[in-house]
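Chains, contacts and geometry: an overview
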Amino acid sequence: MNIMALFNALPGACAQGLVWGIMAIGVYITYKILDLADLSVDGSMCTGGAVCVMMMLSGHSVGVSLLAAFLAGILAGLATGIFHTAMGIPAILAGILTQLGLYSINLRIMGNRANQALSATQYDLLISLRNVKGVPFYENTLLICLILIVLLIAVLYWFFGTALGCSIRSTGSNPNMSRAQGINTDFCKLLGLMLSNGIVAFSGGLLAQYQGFADVNMGRGAIVIGLAAVIIGEVIFRRVRGNFAFTLATVAFGAIIYYLVLQVVLWLGLNANDLKLLSALVVAVFLAIPHVREKYFAKPVKPVKKGGAPRA
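Residues numbered from 1 in each chain as written. Predicted model: local features only at pLDDT ≥ 70, side-chain atom pairs only at ≥ 80, totals over all residues. Heavy atoms only, no water.

By the naming in an unreviewed UniProt entry, the protein chain is ABC transporter permease, taken from Candidatus Eisenbergiella pullistercoris. Turning to the protein chain, the UniProt annotation filed under Subcellular location (unreviewed entry) states: "Cell membrane". (UniProt positions renumbered as here; feature names shortened; annotations may be inferred.)

The subject of this paragraph is the overall build of the protein chain. Summing up its helical and strand segments, the protein chain has 11 helices and 2 strands in all. When the helices and strands of the protein chain are listed from N to C terminus, the series reads α-α-α-α-β-α-α-α-α-β-α-α-α. Expected size for 312 residues packed as a compact globule is a radius of gyration near 20 Å; at 21 Å, the protein chain falls within 12% of this value. The principal-axis extents of the C-alpha atoms in the protein chain amount to approximately 80 × 55 × 35 Å. (Helix = DSSP H or I, 4+ residues; strand = E, 2+ residues; numbered from the N terminus. Rg over C-alpha atoms; globule rule 2.2 N^0.38 Å.)

Time to look at the UniProt feature "transmembrane region" (unreviewed entry) in the protein chain. Listed under "transmembrane region" (unreviewed entry) in the UniProt record, and renumbered for this structure, are residues 6–29, 63–83, 90–109, 141–166, 187–207, 219–237 and 244–269. As a span, residues 187–207 carries 100% helix and 0% strand, and end to end its C-alpha atoms are 30 Å apart.

Orientation of helix 3 (residues 62–86) relative to helix 8 (residues 185–211), taken along the N-to-C sense of each, is 145°, at an axis distance of 6 Å. Two packed elements cross with a definite hand, and for helix 3 against helix 8 that hand is right-handed. Residue composition of the contact of helix 3 with helix 8, by class: 14 nonpolar, 10 polar and 2 charged. (Axes fitted to C-alpha atoms, helices over the stretch in contact; angles between N-to-C directions. Left-handed = near helix turned anticlockwise from the far one by under 90°. Nonpolar A, V, L, I, M, F, W, Y, C, P; charged D, E, K, R; others polar.)

For the rest of this paragraph, the subject is the layout of surface pockets. Empty space within the largest pocket amounts to approximately 660 Å³. Put simply, the parts of the chain that give the lining of the largest pocket at least two residues each are helix 1 (3–33), helix 8, strand 2 (213–215), helix 9 (222–236), helix 10 (244–267) and helix 11 (275–296). If you trace the second largest pocket, you find 13 residues lining it, with Phe70, Leu152, Val155, Leu195 and Ile199 closest to the centre. Among the elements of the structure, helix 5 (141–159) and helix 8 are those that each provide at least two residues to the lining of the second largest pocket. Partitioning the lining of the second largest pocket into residue classes produces 12 nonpolar, 1 polar and no charged. (1 Å grid on protein atoms, 1.4 Å probe; cavity = no way out; pocket = protein on both sides within 12 Å on 5 of 7 lines; lining within 4 Å. Points joined across faces, edges and corners; volume = space filled by probe spheres on them.)

In this model, helix 10 (24 residues) spans 35 Å end to end at C-alpha, consistent with the 34 Å of a helix rising 1.5 Å per residue. N-capping of helix 10 is provided by Asn243, with a side-chain oxygen placed 3.3 Å from the backbone N of Ala245. With its phi angle positive at about 115°, Gly269 sits one or two positions after the end of helix 10. (Expected span 1.5 Å × (residues − 1). Polar contact = N/O pair within 3.5 Å; in protein donor to acceptor, adjacent residues only side chain to side chain.)

Below, the discussion takes up the nonpolar core. Membership of the largest hydrophobic core comes to 77 residues, with the highest contact counts inside it found for Trp20, Met23, Leu156, Phe160 and Tyr258. At the level of elements, helix 1, helix 2 (41–57), helix 3, helix 5, helix 8, helix 9, helix 10 and helix 11 are the ones that each hand at least two residues to this core. It is helix 1 that contributes the most residues to this core, 12 residues altogether. Ignoring any residue separated from it by four or fewer positions in sequence, one finds Tyr258 in contact with Ile225, Ala228, Ile232, Ser279, Val282 and Val283. (Core = buried A, V, L, I, M, F, W, Y, C linked by side-chain atoms within 4.5 Å. Buried < 20%, exposed > 50% of the residue type's maximum accessible area, 1.4 Å probe, protein only. Contact = heavy atoms within 4.5 Å.)

The phi dihedral of Asp35 is positive, around 60°, even though this residue is not glycine. Mapped onto the elements, Asp35 comes out in the loop between helix 1 and helix 2. With a phi angle near 60°, Asn112 is a residue other than glycine that sits in the positive phi range. Positionally, Asn112 belongs in the loop between helix 4 (91–109) and strand 1 (115–117). Residue classification places Asn112 among the exposed residues on the basis of a relative accessible area of 60%.

Now the structure itself:
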């Protein structure tokens, strides 16, 4: 086992973790803020990648292509939201229906082909696997992804501090009380799902550029990676108190840790065909850590003595 091979692979793992970190922030909005299990993420991420690649192949700029990917994700979130709020379908089933429908839609977007290539030499990509190292700093994929995450966190921090953003957070925290206060919870859920899937699709557009192609299966398992990033961030920074922006940053950091762990295990000699199994095990371990810590390592609570408070 060559230690230099591991160090050479780490920048690529960090860059990929940052791209998936943007997706994980989108998952955080539904999973933690809205308290909804949205499985449409697996489909909307592929939708973002497919739209971005096809737009660039049609001659549009990278900025316009990423914007189109974001809007396509918003439409996917809108479909899930309508299924859930207007039609009364449970959120998890609504997400499955949207994910199922997006598979066919994504094939149509890519011209009924399972994948579409995007050459880094022919198109002006924002990020690329080739630009992880050995390029000027302003072209470095790590720096660009880091800037995008900082900008995204800043925008979300501002938005969720507004009255509308606070209504979304209140809806996820206590929908019954929110309705009693006159908040339209269905609209808040709809908006949250649209925003979440828009961010996920934007990440899909970045991922398609990074890897140089869009594939109909590129978003499979995205929800698992997103949830893993959220949990990993919580486990690592559980003792650190921070504001909402810091919480979003820990989610992105959790995605980086996830991919670094995968890279290290692969470096140890695991067969690449077992990557899905490895991913499931890594997620299971990090999901189990909070439960194990609380059950086996939490300090026992001392019983309160009867008889009231002692006299002075």
